[in-house]
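Report on the structure
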Amino acid sequence: METSNNPNPDTHNLKHDATAGYSMREAIDEAKRCLNCKIPQCRKGCPIGNDIPDWIHELSMGNIGNALKIINNKSNLPAVCGRVCAHERQCEGNCVLGKKGHHINIGKLERFVADFDGEMNLSHEKIPARTRGRVAVIGSGPAGLTVAGNLARKGFDVEIFEMEPEAGGVLMFGIPEYRLSKEVVRREIKKITELGVRITCNVTIGQDYTVDDLFDKGFDAIFMGTGTGKPNRLPIPGGENQGVRQAVYFLRRVSLFNSGLISRDEVPVRKGDKVYVIGGGNTAMDAARTAIRLEASEVTVIYHRTADKMTALKAEYDDAVAEGVRFLWNSSVTDIHNTDGVLDRITVVTDGEAAELPADKVIMAVGSAPAARIVSTTEGIEVDGNGYVLTRDLPYGMTTRKGVFAGGDVTNRPASVVHAMQDAQQVAEGIAQYVDAIKLMQAIDL
């Protein structure tokens, strides 16, 4: 079986930030390299159309406040995007200087501007009175935060309902600390609340309240940004063993441990474990690299195709290899074995050859689907055969239930944080158009 690994794994602390940020001098020097193209390909490569050359030009002159103002016109989460966006496939991958082998490090520059704002508290936006209408947002992940922020800036009274004890969704509980500090997420959320957005945690819509309850509370429109919280499962014999965990569950437990909410014993991976991760996306890389940080003795990613077919970013794969993660290509787990109920080995088939390998934990990172809590308790919201919410184009994002909108992963459109934000921006426009229309009709009836 072919594997790739590094013999000297780097067992970083769980809260280690994977990439160092720029100093002021480094950021300005890097910004000065920008050619300020007349037709900027970097902007075309950005899903949310960030005016990249404009804010980089301001940064090159030391005008960080101006740079931030330009960024805020398109993004509610610059410190997040600066860290976790797929820059190599988007803005940086389209930079003309990349053809010469040295693109502008746009992600690190955006991170610098956002972090500088966080430290110096530069943002002081003038927000209109919240009189245009009331909107409830279900979920506080990237889609929910984007809709909330955009509508607040348009004069809407917005309240977010979050089922977890803390806001942030996948940003808080699904992306490892070494890639995205939870303090960064909290800082970005604070900026949203400073726009007048209220956040109510520990409330599950579909359980504590229904959509109809929210309308009864006086909301004019409701946005569903609930993501895909139901992990997919592979029908592998032995997959019900306690040693088999979903990547979403595993990463959430680690996040809770890092926040001091649970003990180390409640994290599924123990020191010295032999861990196998099934999958080939960024979540699989996150799970594998997190297991390394938990001091697993061996971590191996099992993927049914070849390296060039992985959906994970090349940078994430390269970092995983550098940290000691092994890879089995063209491989599938066909059986998970146990002795007296304890997982101890797996059967792996590679290119038709089967082998039994010792194992302590198996983590599945094979995608997820929407939960049905809201749909099952609300009449009129239609879904497709896989449970994804169906929406229309006019007004953009509205479901088959009048006044209920949806966006982000729950609609099966986005594939990343910034794509969820892109979709949510369009939905926010659709919500604004809808609420304005119903307010006008109410005024006419009067």
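**Brief notes about the nonpolar core**
Ranked by size, the top nonpolar core spans 102 residues in total, and within it Trp55, Phe250, Val277, Phe327 and Ile431 carry the most contacts. Counting residues per element, this core draws most heavily on helix 16 (residues 417–445), which supplies 12 residues. Among residues more than four places away in sequence, those in contact with Phe250 are Val267, Pro268, Val269, Ala287, Thr290, Ala291, Leu294 and Ile363.

**Brief notes about the sheet that holds strand 9 (residues 326–328)**
What links the strands of a sheet is backbone hydrogen bonding, and the strands pair in either a parallel or an antiparallel sense. Strand order across the open sheet formed by five strands is 6-13-7-8-9, with parallel pairing between neighbours. Strands with a single pairing partner mark the edges of an open sheet, and in this sheet they are strand 6 (244–246) and strand 9. In this sheet, neighbouring strand axes are inclined to one another by 25° on average, regardless of whether the strands run parallel or antiparallel. Taken together, the five bridges between strand 7 (residues 274–278) and strand 8 (residues 298–302) define a ladder with parallel strand orientation. The residue bridging Lys274 from the neighbouring strand is Glu298, located in strand 8. Along the sheet, helix 12 (residues 247–258) contacts strand 6 and strand 13 (361–364); its crossing angle with strand 6, the most-contacted strand, is approximately 80°.

**What to know about the side chain of Gln246**
Note that Gln246 resides in strand 6. Residues within four places of Gln246 in sequence aside, it is in contact with Pro231, Asn232, Arg233, Ile363 and Met364.

**Considering the pairing of strand 8**
The element strand 8 is extensively covered by neighbouring structure, given that four of its five residues are classed as buried. Sheet topology places strand 8 next to strand 9; three bridges connect them, and they run parallel. Residue pairing across strands places Ile302 opposite Leu328, the latter belonging to strand 9. In the classification by handedness, the crossover that spans strand 8, the intervening helix 14 (residues 314–322) and the parallel strand 9 is right-handed.

**Re the pattern of salt bridges**
Here the structure, examined in full by the defined rule, presents 32 salt bridges. Ionic pairing is found between Asp51 and Arg43, a salt bridge with its closest N-O pair at 3.4 Å. Looking at Asp51, the relative accessible area reads 17%, which means it is buried. For Arg43, a relative accessible area of 30% gives the class partly exposed. Taking the shortest distance from any N to any O, the salt bridge between Asp115 and Arg111 comes out at 3.6 Å. Taken together, the residues span about one helical turn, with Asp115 and Arg111 both in helix 7 (residues 106–120) at a distance of four residues. The exposure classification of Asp115 matches that of Arg111, with both residues buried. Each member of the salt-bridge network shares a partner with another, and the members are Arg179, Asp286, Arg289, Arg293, Glu316, Asp319 and Glu323.

**Examining the packing of aromatic side chains**
For the coordinates displayed, the defined rule picks out six aromatic pairs. Between Phe161 and Phe219, the ring centres sit 6.0 Å apart and the planes meet at 85°, which makes this aromatic pair edge-to-face. Within this pair, whereas Phe161 is found in strand 2 (residues 157–161), its partner Phe219 is found in the loop between helix 11 (211–216) and strand 4 (221–224), the two being separated by 58 residues in sequence. Each member of the pair, Phe161 as well as Phe219, carries the same accessibility label: buried. Plain terms: the ring middles of Phe405 and Tyr434 are 5.7 Å apart, the flat faces sit at 65° to each other, and that makes the pair edge-to-face.

**Points about the sheet that holds strand 1 (residues 134–138)**
Sheet architecture is open: five strands sit in the order 3-2-1-4-15, paired in parallel fashion. Lying at the two open borders of the sheet, with one neighbouring strand each, are strand 3 (198–200) and strand 15 (404–406). In this sheet, neighbouring strand axes are inclined to one another by 20° on average, regardless of whether the strands run parallel or antiparallel. Bridging between strand 1 and strand 4 involves four bridges; their strand directions are parallel. Of the residues in strand 4, the one forming a bridge with Val135 is Ala221.

**Brief notes about the packing of helix 13 (residues 282–293) against helix 14**
Packing of helix 13 against helix 14 brings their axes to within 10 Å, and their N-to-C directions diverge by 20°. Put simply, helix 13 runs roughly parallel to helix 14. The crossing of helix 13 and helix 14 is left-handed. For the pair helix 13 and helix 14, contact is made by Asn282, Met285, Asp286 and Arg289 and by Glu316, Tyr317, Asp319 and Ala320, respectively. For the contact of helix 13 with helix 14, the class distribution of residues is three nonpolar, one polar and four charged.

Thresholds, definitions, all that
Residues numbered from 1 in each chain as written. Predicted model: local features only at pLDDT ≥ 70, side-chain atom pairs only at ≥ 80, totals over all residues. Heavy atoms only, no water. Core = buried A, V, L, I, M, F, W, Y, C linked by side-chain atoms within 4.5 Å. Buried < 20%, exposed > 50% of the residue type's maximum accessible area, 1.4 Å probe, protein only. Helix = DSSP H or I, 4+ residues; strand = E, 2+ residues; numbered from the N terminus. Contact = heavy atoms within 4.5 Å. Pairing = 2+ DSSP bridges. Axes fitted to C-alpha atoms, helices over the stretch in contact; angles between N-to-C directions. Right-handed = clockwise from strand over helix to strand, strands pointing away. Salt bridge = Lys/Arg side-chain N within 4 Å of Asp/Glu carboxyl O. Phe/Tyr/Trp six-rings, centres within 6.5 Å; stacked < 30°, edge-to-face > 60°. Parallel < 35°, antiparallel > 145°, perpendicular 65-115°, else oblique. Left-handed = near helix turned anticlockwise from the far one by under 90°. Nonpolar A, V, L, I, M, F, W, Y, C, P; charged D, E, K, R; others polar.

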